[in-house]
Number of protein chains: 2
Amino acid sequence: MARATTPPRPPGRPRAGIDAEVFAATLRTVDELGYTHATVDRIAAAAGVAKTTIYRRWPSKGALITACLVDAFGPLPIKAGDSREEVIASAIRFGALRIAEPGLAAAFAGVFTDAISDPELREILSTQLQDPYRLVLQEVLGESEQRVLFFVDVVIGTLLHRMGMTGEPMVKADVDALVEMVVSYLG
Amino acid sequence: MARATTPPRPPGRPRAGIDAEVFAATLRTVDELGYTHATVDRIAAAAGVAKTTIYRRWPSKGALITACLVDAFGPLPIKAGDSREEVIASAIRFGALRIAEPGLAAAFAGVFTDAISDPELREILSTQLQDPYRLVLQEVLGESEQRVLFFVDVVIGTLLHRMGMTGEPMVKADVDALVEMVVSYLG
DNA sequence: CGGTATCGATACTTCTAGTAGCGAAATCTC
DNA sequence: GAGATTTCGCTACTAGAAGTATCGATACCG
């Protein structure tokens, strides 16, 4: 990929590289206290930075959590040569694995709830978290946007609902059932 | 059904019949302002009652919203003679219709998020809202508890995720797809 | 050294969940 | 009707959280 000349460094003191610590502290705190009680104050303290430093980077708690989710989920693993069924199955298992990680489900559900009544946050969530996966899947599966969005709703919605109702991640047998159901429908 | 002798009325001033007004005001307020900004103060004002009166009936905001959801969803419509597929399909469409009603999705997602980090609320939500439907479906479909819970996760999770991501209820074509997918798997 | 932007710290405003206390009103029992 | 009991609306309050403002100190550039 052609890379433009390295962007000129802006003047002033450069920002410290604290994103990793902040993200880790965020997930740790959300896991221990839940989305509501994971205050920005506490997250900042857990990360060893000042609250104002966090607000200088992310405009709101919801934006911080979303950035944290983007970082934690990471790219969808797609092996070259995977069949259509294998792509779908591995995407589902990928989602299940991630959502089972400490704090991730609570963080996701929290930002998600706020998004229902906050169009700005919904925009951030949709663009930064959902779109990357959607675009990859549209490309790889050759499906329409509507179709892939439906797929994402089913998979993420199901996994999150289980976490919300039971407080525990979905067991393997149910993940297998989800894979089987979706693959037999979309495959 | 054998009914015990009418319970003796407790002494003191009887409670006013305000549940309907409070529930309506709750959904109206949540629809307008979202779960987070639908404060108990505002709900009370919209219902024309004092905030303390609300807290005398429901122990927390989450419990109020849950009671409101139980009231708004109502019983699952099952026609005698319905086939297995028809029961599943009508249950899904029932859920889609309800969740599309103003305020319901936001209320549901909000209480749901709080439940992830609040075991007491999770207990209320599970017992009062989910169990009635689960028991009916176990009975009618002759499926195990695990199987029916999986079904509920898929249907409600999918519908809620769509509302959270788009702010709009799922369109008919996608509800049809959901019905087809689930029926072909469970039917 | 001068300019600029970040860092940590503290203090502050605004808003919300939930509680306490009070006088007034409603209902039952005697 | 009198007394007991409980609810009602109202006001005031506490505790906690999101987000902002300010300030001295610090890091980097030219």
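Residues numbered from 1 in each chain as written. Chains lettered and ligands numbered in written order. Predicted model: local features only at pLDDT ≥ 70, side-chain atom pairs only at ≥ 80, totals over all residues. Heavy atoms only, no water.

### Digging into helix 7 (residues 119-141) of chain B
Residue and element names in this part refer to chain B. Of all the bends in helix 7, the greatest, near 50 degrees, is centred on Gln130, and the proline Pro132 appears no more than four residues after it. Along helix 7, the positions that sit buried rather than exposed are Leu121, Arg122, Leu125, Leu129, Gln130, Asp131, Tyr133, Arg134, Leu137, Gln138 and Leu141. Capping the start of helix 7, Asp118 holds a side-chain oxygen 3.1 Å from the backbone nitrogen of Glu120, two or three residues further along. Of the residues one or two after helix 7, Gly142 is the one with positive phi, at around 65 degrees. (Bend = angle between axes of the 7 residues up to and from the residue. Helix = DSSP H or I, 4+ residues; strand = E, 2+ residues; numbered from the N terminus. Buried < 20%, exposed > 50% of the residue type's maximum accessible area, 1.4 Å probe, protein only. Polar contact = N/O pair within 3.5 Å; in protein donor to acceptor, adjacent residues only side chain to side chain.)

### Topic: the packing of aromatic side chains
Residues and elements named next belong to chain A. On inspection of all chains with the given rule, the structure shows 10 aromatic pairs over all chains. Both rings, one in Phe94 and one in Tyr133, keep their centres 6.2 Å apart while their planes meet at 50 degrees; by these two values the pair is tilted. On the criterion of sequence distance, the pair formed by Phe94 in helix 5 (residues 84-99) and Tyr133 in helix 7 (residues 119-141) is long-range, its members being 39 residues apart. In this structure Phe94 comes out as buried when scored by relative accessible area, which is 9%. Classification of Tyr133 by relative accessible area gives buried; the value is 18%. Grouping aromatic residues by their ring pairs yields a cluster made of Phe73, Phe94, Phe108 and Tyr133. Looking at Lys61, its charged tip hangs above the ring of Tyr35, at a distance of 4.5 Å from the centre. (Phe/Tyr/Trp six-rings, centres within 6.5 Å; stacked < 30°, edge-to-face > 60°. Lys NZ or Arg CZ within 6 Å of the ring centre and 35° of its normal.)

### Quick look at the interface of chain B and chain A
In this complex, chain B contributes 44 residues to the contact, which on the side of chain A involves 44 residues. In total, chain B and chain A occlude about 3700 Å² of area from one another, counting both sides; carbon and sulfur atoms represent 66% of this. On the chain B side of the interface with chain A, the three residues burying the most area are His161(B), Met165(B) and Met181(B), jointly 18% of the side's total. On the surface where chain B and chain A come into contact, there are two salt bridges. (Contact = heavy atoms within 4.5 Å. Buried area = accessible area lost by both parts, 1.4 Å probe. Salt bridge = Lys/Arg side-chain N within 4 Å of Asp/Glu carboxyl O.)

### Topic: the protein's contact with DNA strand C
Around DNA strand C, the surrounding shell holds 23 residues, and the nearest of these are Thr53(A), Arg57(A), Arg42(B), Lys51(B) and Lys61(B). Backbone atoms, meaning sugar plus phosphate, form 69% of the atoms of DNA strand C positioned within 4 Å of the protein. Between DNA strand C and the protein, one listed contact pairs a phosphate oxygen with a backbone N or O atom of Ala16(A) at 3.3 Å. Interatomic distance of 2.8 Å between a side-chain N/O atom of Arg57(A) and a phosphate oxygen of DNA strand C. Of all the secondary structure elements, the ones that give two or more residues to the surface near DNA strand C are helix 3 (51-57) of chain A together with helix 2 (40-47) and helix 3 (51-57) of chain B. The element contributing the most residues to the surface near DNA strand C is helix 3 of chain A, with four residues. For the surface near DNA strand C, a count of residues per class yields seven nonpolar, seven polar and nine charged. (Near = heavy atom within 4 Å. Nonpolar A, V, L, I, M, F, W, Y, C, P; charged D, E, K, R; others polar.)

### Digging into the environment of Arg122(B)
By the element assignment, Arg122(B) lies in helix 7. Separated by 11 residues in sequence, Arg122(B) and Val111(B) have C-alpha atoms that sit 8.7 Å apart. When near neighbours in sequence (up to four residues on either side) are disregarded, Arg122(B) contacts Gly164(A), Met165(A), Thr166(A), Gly167(A), Ala115(B) and Ile116(B).

### Comments concerning the relation of the copies chain B and chain A
There are two copies of the chain, and a rotation about an axis plus a shift along that axis relates them. Between chain B and chain A, the superposition needs a rotation of 180 degrees and an axial shift of 0.0 Å, giving an RMSD of 0.0 Å. Given the turn and translation reported, the copies of this chain are related as if by a two-fold rotation axis. Residue Gly157(B), judged by its C-alpha, is the member of chain B lying nearest the rotation axis, at 2.0 Å. (Least-squares fit on C-alpha atoms with pLDDT ≥ 70 in both.)

### Details of the UniProt feature "DNA-binding region" (unreviewed entry) in chain A
Sites flagged by UniProt as "DNA-binding region" (unreviewed entry) map to residues 39-58 of chain A. Its end C-alpha atoms 14 Å apart, residues 39-58 of chain A is made of 75% helix and 0% strand. (UniProt positions renumbered as here; feature names shortened; annotations may be inferred.)

### Digging into the environment of Gln130(B)
By secondary structure assignment, the location of Gln130(B) is in helix 7. The spacing of Gln130(B) and Val70(B) is 60 residues in sequence and 9.0 Å in space, taken between C-alpha atoms. If near-sequence neighbours (up to four positions away) are discounted, Gln130(B) is found in contact with His161(A), Met165(A), Leu125(B), Leu149(B) and Val152(B).

### A look at the UniProt feature "domain: HTH tetR-type" (unreviewed entry) in chain A
UniProt tags residues 16-76 of chain A as "domain: HTH tetR-type" (unreviewed entry). For the annotated span residues 16-76 of chain A, helix accounts for 77% and strand for 0% of the residues, and the straight-line distance between the end C-alpha atoms is 29 Å.

### Description of the protein's contact with DNA strand D
The local shell around DNA strand D holds 22 residues, among which Thr39(A), Arg42(A), Lys51(A), Thr52(B) and Thr53(B) are the closest. Arg13(A) places a side-chain nitrogen or oxygen 3.1 Å from a base oxygen of DNA strand D. The side chain of Arg56(B) places a nitrogen or oxygen atom 3.0 Å from a phosphate oxygen of DNA strand D. At the level of elements, helix 2 (40-47) and helix 3 of chain A together with helix 3 of chain B are the ones that each hand at least two residues to the surface near DNA strand D. Broken down by element, the residue count for the surface near DNA strand D peaks at four residues, all from helix 3 of chain B. Taken together, the residues of the surface near DNA strand D break down into seven nonpolar, six polar and nine charged.

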